[in-house]
Amino acid sequence: MEWEIVIGLEVHAQLSTQSKIFSGASTAFGAEPNTQACAIDLGFPGVLPVLNAEVVNMAIKLGLGINAEIAKRSVFARKNYFYPDLPKGYQISQFELPVVGKGYLDILLDDGTTKRIGITRAHLEEDAGKSLHEDFNGMSGIDLNRAGTPLLEIVSEPDMRSAKEAIAYLKTLHSLVRYLGICDGNMQEGSFRCDANVSLRRKGDSKFGTRTELKNINSFRFVERAIMYEVERQMAILEDGGKINQETRLYDSAKNETRPMRSKEEANDYRYFPDPDLLPLLITEEQIAKVRSELPELPQQKHQRFKEVYGLSAYDATVLVSSRAMADYFETAVAASGNQAKLTANWVTGELSAALNKSDMEITSSPVSAEELGKLVLRIADNTISGKIAKTIFESLWNKEGDVDHIIEKQGLKQVTDSSAIEALIEKILAANPQQVADYRSGKDKLFGFFVGQAMKESGGKLNPKQLNDLLKEKLTSGS
Amino acid sequence: MLNKSIAELSHSLQAKKISSHELTQFFLERIKKLDPQLNSFITVTEQQALDAAKKADAQLAQGKAGPLTGIPIAQKDIFCTLGVKTSCGSKMLDNFISPYDATVIKRFNEAGMVMLGKTNMDEFAMGSSNENSYYGSVKNPWNVEYVPGGSSGGSAAAVAASLAPVATGTDTGGSIRQPAALCGISGIKPTYGRISRYGMIAFASSLDQGGLFAKSAEDLAWVLNTMAGFDENDSTSANIAVPDYTNTLNDSLKGLRIGLPKEFFSDALDKDIGNAIQTAIKVYEKLGATFHEINLPNTSLSIPAYYVIAPAECSSNLARFDGVRYGHRCEDPKDLEDLYKRSRSEGFGKEVTRRIMIGTYALSAGYYDAYYIKAQKIRRLVADDFRKAFKSVDVILGPTTPSPAFKLGEKTSDPISMYLSDIYTIAVNLAGLPGMSIPAGFTKGLPIGMQLIGNAFAEARLLNVAHAYQKETDWHTKTPEGF
Amino acid sequence: MSLTAGDVKKIAHLARLNLLENDVTLYTQQLSTILNFVEQMNQADTAEIEPFFNPLDLGQRLRPDVVTEQNQRDAFQAIAPQVEAGLYLVPQVIEGEE
């Protein structure tokens, strides 16, 4: 039987504000337990919430970024349930009237086509604290530093049909929130969390199958694995004529499996109702216009511009705009390279990215600055150095041994472009290898490479390859 | 000092005829001597009071004093007070020493007022008789076999017995006006949004409003000047300038249009109370006011709507009491559920439990629309009744309660009959309007309260209308025997 | 509306309250009475009426995104029932349980 995979994603993006959504406590990550939980975050008797203005701006930014309607009036509601990391016994969220309505994101598929993924809504809510499961004599410890951190929950339509599409959507959204500067996207620290709704249906069916919700997926790789595992699991059940239980399942990355969450005897009844401590959030056209005017260039616009202005391929453009930092790096480097866009792109996506990956570094902390990389490219382009030597110089730059020209100078890496010097070197090599010269002249063309190799070896790789080729050919031919 | 107005006390303090220390000592001694009969205080903060008085005297000496510097005040135990037990009348918070001050407490402190202690109240402000307190019931100073009303019964009894010149209260469905009426004193519940709710332990957030008890409208005006005002920590605080309420106290009532709601004068109203109101009407007519019958047709529906909305909000507001971060925690919980269930069941009394259950039900899946949304729609009808009425009248006048104080224990087994005693006050909370109760006579030795209801943010007008009456009558000067 | 003992137990669980068997009977009867009482609301036709959630007809006020709170953990935890290493302690939380 042929099955179609149906995936919808719910992303919780922590908004990168200074203070919490409803209190003046800091949101900084990694503080000592409960040192950033103020009376409001702790749900002390009598405390009241007041909404953070920046959170609203960030919600508007996201709304504009996903081409969505922004609600002129949205309402905060209480989601009531008991849990130790939820100090008030309710979470302030948005239910019936979210701040961001229907929108979409276009994702780039492997075959180079784009697909539009619908976004149902995005709403503001407060994060919960953390339960630490280490054993305190049979008890759990509760840290409420995270309680009250602002979140945007972004809910997609069930529009994705494979784990790859889900990843592409996630990466696109991840890049967008970072471009917008509303979320740092750090998945390890939980700033960008994803739940996946997965179901299967027979190819051609219009009705969706029963879905399961996968939680606790904290990297792109795990999203893919969790979905793949869940698809296999559901398929096995369905092929056997079984039924899928609608349930929430935890992904266990160590075992690479999903398993049902321990659920209570009856379904939760969250008893949502408008929070009487907060008034409706009203957003004006002027406010939206103001945020729009301050919006940075978004990935899709940048992608378009990179193709048009720099003549890059769609692939290069996609890689370069995947983060705002990389795109900015590229543009700075291009400017320093004398507009060698294609060559710069190759260096950024090739040598530099590989080196960063290897040392697990972000481009923002690259030891090789964008200006230096651009200058390196410039020196290749103006024939000061060869591409091969450039790789050596890059290593020196990486090790902070100085700037490009300084390294070229100090290590004597400057390419030899003086014809008479090259000619002299060729003559020397030809003289030292009379047998090979004779063989070449008698038709062994392949020996040309031998002479090139000898010349490069002799010169320390500094000869201009094209000049060497031309002059060598001339000498070998003229001498016959 | 017993029968002096706050204005007089203030003048005496400024003129150094008395010190705040003497004044504070005077009230602390009265509390010590007389409160055992009433049980109106949960905590008396003697040392803090004397320290504050000393500080006030220093300010008075330096000429840095404000009008309320050195004046003692009692705080309902619903307002969080830094370093002082804030119990909200509940076992749940019997061990809760608040780590912060409510905004209104800060305002009073900054004005140099001296807190005498924290007054008794129905648990989490749920009740109309003050019999739902973990700390025992409060007695009515006019007859200690009778209830003082609730939920701010401790504050009302304390002011009526002159244990404090002024006291705070909160009013969610009548919890200031009803005990003011039953104890024969003046009380004001300002417009929703006029008084900060920050640090005032929430019962029903969209209805709760802090206010005051005192012997007269003039006293209320003096203290309301300090208590009222915008608070950036409360999203439902109105950013509207506060007038000086003492400036307009003596404005003429000539041409004032007073509305009499037909629905407030039905057979359910005690005859003596009805007569007292008729007598008061004559006083106002003499002062130049005119009376107009008005309709508030949805009054009777306000009680059922209230008993859905208030419990619904309370069920959520009281979810934070879970034995984890503060408050009562059960012994040796065997698991998380046991921790929650036993801590909460041990910490909450019967009425609170009842309301949490009703509210949980009203919000639960399948019943939300039929109960909660329906109640909020009725609320609009109730508010619209007032809106229409205020097109033709300036103030609404009627009884505060349908009957005078009842005996302790008389209604404890019948929640509905208890709920019905709030029939004239609840609609005002639903609409968020300001209301007052002032003394207007006696029946069988028990006080009668007259209610004045104003349009939103018309506290100055209400105080003016109440003060005009108190200049013509002396009901507000009567004090219970033995106090 | 008459509640059953089962309804009352379910509500009590949602609200995390323990009821003794005697109390279940009492609350079943009292809550049913109260619900019958509040059903008077059905006398009013509210089909065209918008709910009135708050007396203030205003929008939500916003605060600037500024950190104003200092660490007060010691003061806050001085009144906590059980803490260790700065954490509030509760009976073991089972991962993913809600």
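Quantities reported herein were computed from a predicted structural model and do not represent experimental measurements. All chains use their own residue numbering, which begins from 1 and follows the written sequence. Chain labels run from A onward and ligand labels from 1 onward, assigned in the order the entries are written. Local features are withheld for residues below a pLDDT of 70 in this predicted model, meaning they are given only at 70 or higher, and side-chain atom pairs are given and counted only at 80 or more; totals for whole chains, interfaces and linings count all residues. Heavy atoms throughout the structure, all of them, feed into the side-chain values; hydrogens and water do not.

Side note on the pairing of strand β9 (residues 395-399) of chain B
A regular strand carries its side chains on alternate faces of the sheet. Residues and elements named next belong to chain B. Within β9, five of the five residues are buried, leaving the element largely enclosed by the surrounding structure. Between any two strands, at least two bridges found by DSSP are needed for them to pair. In this description a helix means any DSSP run of H or I spanning at least four residues, a strand means any run of E spanning at least two, and both kinds are numbered starting from the N terminus. The pairing of strand β7 (residues 257-261) with β9 spans two bridges and is parallel. Bridge pairing links Ile258 to Val395 in β9. Of the strand pairs in this sheet, β9 and strand β11 (residues 446-454) are connected by five bridges, and their pairing is antiparallel. Within β11, the residue paired with Val395 across the bridge is Gly454. Only protein chains enter the accessibility calculation, which uses a 1.4 Å probe; a residue whose area is less than 20% of its type maximum is buried, one above 50% is exposed, and one in between is partly exposed.

Quick look at unusual backbone geometry
The peptide bond linking Gly150(B) to Ser151(B) adopts the cis configuration, its omega dihedral lying at 10 degrees. Structurally, the position occupied by Ser151(B) is in the loop between β3 (114-119) and α5 (153-160). Positive phi, normally seen in glycine, also occurs at Arg271(A), with a value near 45 degrees. Summarising the element assignment, Arg271(A) is placed in the loop between β14 (257-260) and β15 (273-274). Within the chain, Cys88(B) stands out as a residue other than glycine whose phi angle is a positive 55 degrees. Inspection of the secondary structure puts Cys88(B) in the loop between β2 (72-76) and α4 (103-110).

Side note on the interface of chain C and chain B
Throughout, a contact is declared for two residues whenever any of their heavy atoms are within 4.5 Å. Counting residues at the interface gives 50 residues for chain C, matched by 68 residues for chain B. What gets called buried area is simply the loss in accessible area from a 1.4 Å probe that two parts show on being joined, summed for both. Interface area, chain C with chain B, both sides summed: about 5300 Å², of which 71% is carbon and sulfur. Together, Met41(C), Phe52(C) and Arg61(C) form the three largest contributors to the area buried by chain C at its contact with chain B, with a combined 14%. Pairs of N or O atoms within 3.5 Å make up the polar contacts considered here, provided that, within protein, one atom can donate a hydrogen while the other can accept it, and that residues adjacent in sequence are counted only when both atoms are side-chain atoms. Taken together, the connections running from chain C to chain B amount to 17 residue pairs in polar contact (both at pLDDT 80 or more). Looking at the side of chain C that touches chain B, the elements that each hand over two or more residues are α1 (5-14), α2 (21-38) and β3 (87-91) of chain C. Sorting elements by how many residues they give to the side of chain C that touches chain B places α2(C) first, with nine residues. In this classification, Asp, Glu, Lys and Arg are treated as charged, Ala, Val, Leu, Ile, Met, Phe, Trp, Tyr, Cys and Pro as nonpolar, and every other residue, Gly included, as polar. For the side of chain C that touches chain B, the per-class residue count stands at 34 nonpolar, 11 polar and five charged.

So, helix α2 (residues 163-180) of chain A
Residues and elements named next belong to chain A. For a helix, the expected span equals 1.5 Å multiplied by the residue count minus one. Taking 1.5 Å per residue as the helical rise, α2 with its 18 residues ought to reach 26 Å, and the 25 Å between its terminal C-alpha atoms agrees with that figure. By the criterion of burial, α2 is predominantly enclosed, with 14 of the 18 residues buried. At the exit of α2 stands Gly181, carrying a positive phi of roughly 70 degrees.

Quick notes on the interface of chain A and chain B
Taken residue by residue, the interface counts 31 residues in chain A and 39 residues in chain B. Contact between chain A and chain B buries roughly 2800 Å² in total, counting both sides, with carbon and sulfur atoms accounting for 59%. Any carboxyl oxygen of Asp or Glu within 4 Å of a side-chain nitrogen of Lys or Arg constitutes a salt bridge here. Between the two partners, chain A and chain B, sit one salt bridge. Counting across the chain A and chain B interface gives 17 residue pairs in polar contact (both at pLDDT 80 or more). Where the side of chain A that touches chain B is concerned, the elements lending two or more residues are β4 (76-80) and β15 of chain A. Taken together, the residues that form the side of chain A that touches chain B break down as 21 nonpolar, four polar and six charged.

Some details on the sheet that holds strand β7 (residues 114-126) of chain A
Residue and element names in this part refer to chain A. Taking strand neighbours across the sheet as the criterion, the eight strands line up as β6-β7-β10-β1-β11-β12-β13-β14 in an open arrangement whose pairing is mixed. Whereas interior strands pair on both sides, the edge strands pair on one side only; in this sheet they are β6 (103-108) and β14. Neighbour-to-neighbour, the strand axes of the sheet open up by a mean angle of 30 degrees, direction not taken into account. Every axis corresponds to a line fitted to the C-alpha atoms, with the helix fit spanning only the stretch in contact, and the corresponding angles, defined between N-to-C directions, vary from 0 to 180 degrees. Strands in contact with α2 are β1 (3-14), β6, β7, β10 (150-156) and β11 (192-202); relative to β6, the strand with the most contacts, it is inclined by about 115 degrees.

Some remarks on the packing of helix α13 (residues 434-441) of chain A against helix α14 (residues 448-459) of chain A
Direction vectors running N to C along α13(A) and α14(A) enclose 145 degrees, while the axes themselves pass 10 Å from each other. Residues Gln436(A), Val437(A) and Tyr440(A) of α13(A) pack against Phe448(A), Phe450(A) and Phe451(A) of α14(A).

Focus: the environment of Arg259(A)
Residues and elements named next belong to chain A. Along the chain, the position of Arg259 falls in strand β14. According to the relative accessible area criterion, Arg259 is partly exposed, its value standing at 29%. Placed 166 residues apart in sequence, Arg259 and Ser93 show a C-alpha to C-alpha distance of 27 Å. At a separation of 2.9 Å, a polar atom in the side chain of Arg259 contacts the side chain of Asp252.

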